[in-house]
Amino acid sequence: MSKLLHFCAEEVTRLFPPFLVHLEALKETMIEYSVKESIVQPVRQQLTVPNTADRFISMPACVPSRGVMGIKVICAVPSNKEKCLPTHLGCIQLYGLTGELLCQMDAEEITAKRTAICSALASKALANPDSKILAVIGAGVQAESHIQALSQLFNFSEIRVWNRTKSRAEKLVRELHDVGNFNLCVSDTVGSACSDADIVCTVTSSSEPVLFKDHVKPGAHVNVVGASSPTTREVGDDLMLSDNLVIVADCLNAIKLESGDVIQSGAAPHHELGHVLHFPLSRDPDQITLFKNLGLACQDVVTAHLIYKQYLSESTRS
Ligand SMILES: NC(=O)c1ccc[n+]([C@@H]2O[C@H](COP(=O)([O-])OP(=O)(O)OC[C@H]3O[C@@H](n4cnc5c(N)ncnc54)[C@H](O)[C@@H]3O)[C@@H](O)[C@H]2O)c1
Ligand SMILES: O=C(O)[C@@H]1CCCCN1
């Protein structure tokens, strides 16, 4: 094997694709996964470190249309928060279809941004296009990436952040004060954050529900991003089992095995993201739509490939 090409976090940032290029690539990827069924991707393996909530997760995918396959290995370590360390650390290895290792790279920024872009794609397909109020429940890495991504697709007048520890929400609001032309503020309760909100994102490491039916107005769209194991929840049974709810998953095979909100409530997911991106869903204006965003390996592989291609184009020029 020739010398291993490794992109550290700073190089990933430098080589990262522009927002709209990334958005378009992930849209194509989700359609390819669900409609064309040409992507090979098993449900990921998750090992739980004994006596902790920490997980070691292995996520492979093969994307023949782009001539690549790869694997993300990611450690989700919620207790790192107290140690001021990142809670999601990982690495992606990218291979050509002949089996040669092309490169490997830090996965932190890729995980943050590709997840938010998938919520943004779901919101674009399912939410009111004139959505004015966004509520973000949680104030960590995903809260930031979701505010950044969704505010590029919607003309919000207000974005409200609620967090269990209020000072973290205040810090995030200070850091993002110049992201867009909207009022970015902290809410004292989940209820006040979500009151009249057109789009709600739950982006917490909670293991218990934080969002209930009374919080969400008819016609709103909800992106549920945390809770990716059978024992964890972000959403109450009352909302999960509401007659008025349409559930869309990034992957229907995975949601039945990984989503505590679906498994514990017994709710039935209805559609896959790639389908609703390809065949727009007609919906009753009072229906609530819920996108369960688990995160898929093909999103990581395609993003890593864009980064690798940017590296190649720079190397050819120099
Ligand atoms: N769907 C995906 O593809 C994907 C990708 C990355 C992360 N995630 C998940 O999204 C969630 C957030 O990830 P992150 O990177 O922002 O993590 P983070 O550690 O940066 O932030 C976690 C947030 O959750 C809040 N929180 C923790 N426990 C809580 C509780 N009991 N009640 C309410 N809030 C609580 C914290 O205050 C913090 O705001 C995690 O569950 C993570 O595993 C999903
Ligand atoms: O798809 C991902 O990258 C994340 C890893 C942590 C758990 C939730 N999903």
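Whatever comes next refers back to the structure up there.
Remember, it's a predicted structure, so these values are computed and weren't measured experimentally.

Rules behind the numbers
Residues numbered from 1 in each chain as written. Chains lettered and ligands numbered in written order. Predicted model: local features only at pLDDT ≥ 70, side-chain atom pairs only at ≥ 80, totals over all residues. Heavy atoms only, no water. Pairing = 2+ DSSP bridges. Helix = DSSP H or I, 4+ residues; strand = E, 2+ residues; numbered from the N terminus. Contact = heavy atoms within 4.5 Å. Axes fitted to C-alpha atoms, helices over the stretch in contact; angles between N-to-C directions. Near = heavy atom within 4 Å. Polar contact = N/O pair within 3.5 Å; in protein donor to acceptor, adjacent residues only side chain to side chain. Areas by Shrake-Rupley, 256 points an atom, 1.4 Å probe, with all protein chains shown as cover. Domains from an automatic or database assignment. Nonpolar A, V, L, I, M, F, W, Y, C, P; charged D, E, K, R; others polar.

(A) The arrangement of the sheet that holds strand S14 (residues 288-292) in detail. If you trace the eight strands from one edge of the open sheet to the other, you get S9-S8-S7-S10-S11-S14-S12-S13, paired in parallel fashion. Since the sheet does not close on itself, it has two edges, and those belong to strand S9 (183-186) and strand S13 (271-272), each with one partner. Relative to strand S10 (residues 199-202), strand S7 (residues 133-137) runs parallel, the two being bridged by four bridges. The residue of S10 that forms the bridge with Leu134 is Ile199. Here helix H5 (residues 166-175) sits on the sheet and contacts strand S8 (158-162) and S9; the angle it forms with S9, its principal contact strand, is near 165 degrees.

(B) Geometry of the site of ligand 1. The local shell around ligand 1 holds 24 residues, among which Thr87, His88, Gln142, Asn163 and Asn293 are the closest. The side chain of Thr87 places a nitrogen or oxygen atom 2.8 Å from an oxygen atom of ligand 1. With respect to ligand 1, the side chain of His88 contributes an N or O atom lying 2.8 Å from an oxygen atom. When isolated, ligand 1 has an accessible area of 850 Å², and the protein chains bury 90% of it. Residue assignment for the shell around ligand 1 shows that the elements contributing at least two residues are helix H3 (108-126) and helix H4 (141-153). Shared between two domains, the shell around ligand 1 takes at least three residues from each, and those domains are domain 1 (14-25 + 43-110 + 298-317) and domain 2 (111-297).

(C) Molecular detail of the site of ligand 2. If you check the shell around ligand 2, you find Arg44, Arg55, Ile57, Met59, Lys72, Ile74, His88, Thr111, Arg114, Ser228, Leu294 and Gly295 and nothing else. Contact distances for ligand 2 include 3.1 Å between a nitrogen atom and a backbone N or O atom of Leu294. Protein chains shield 92% of the accessible area of ligand 2, which is 260 Å² for the free molecule. At the level of elements, strand S3 (55-63), strand S4 (68-76) and H3 are the ones that each hand at least two residues to the shell around ligand 2. In terms of residue count, the dominant contributor to the shell around ligand 2 is S3 (three residues). Class assignment for the residues of the shell around ligand 2 results in four nonpolar, four polar and four charged.

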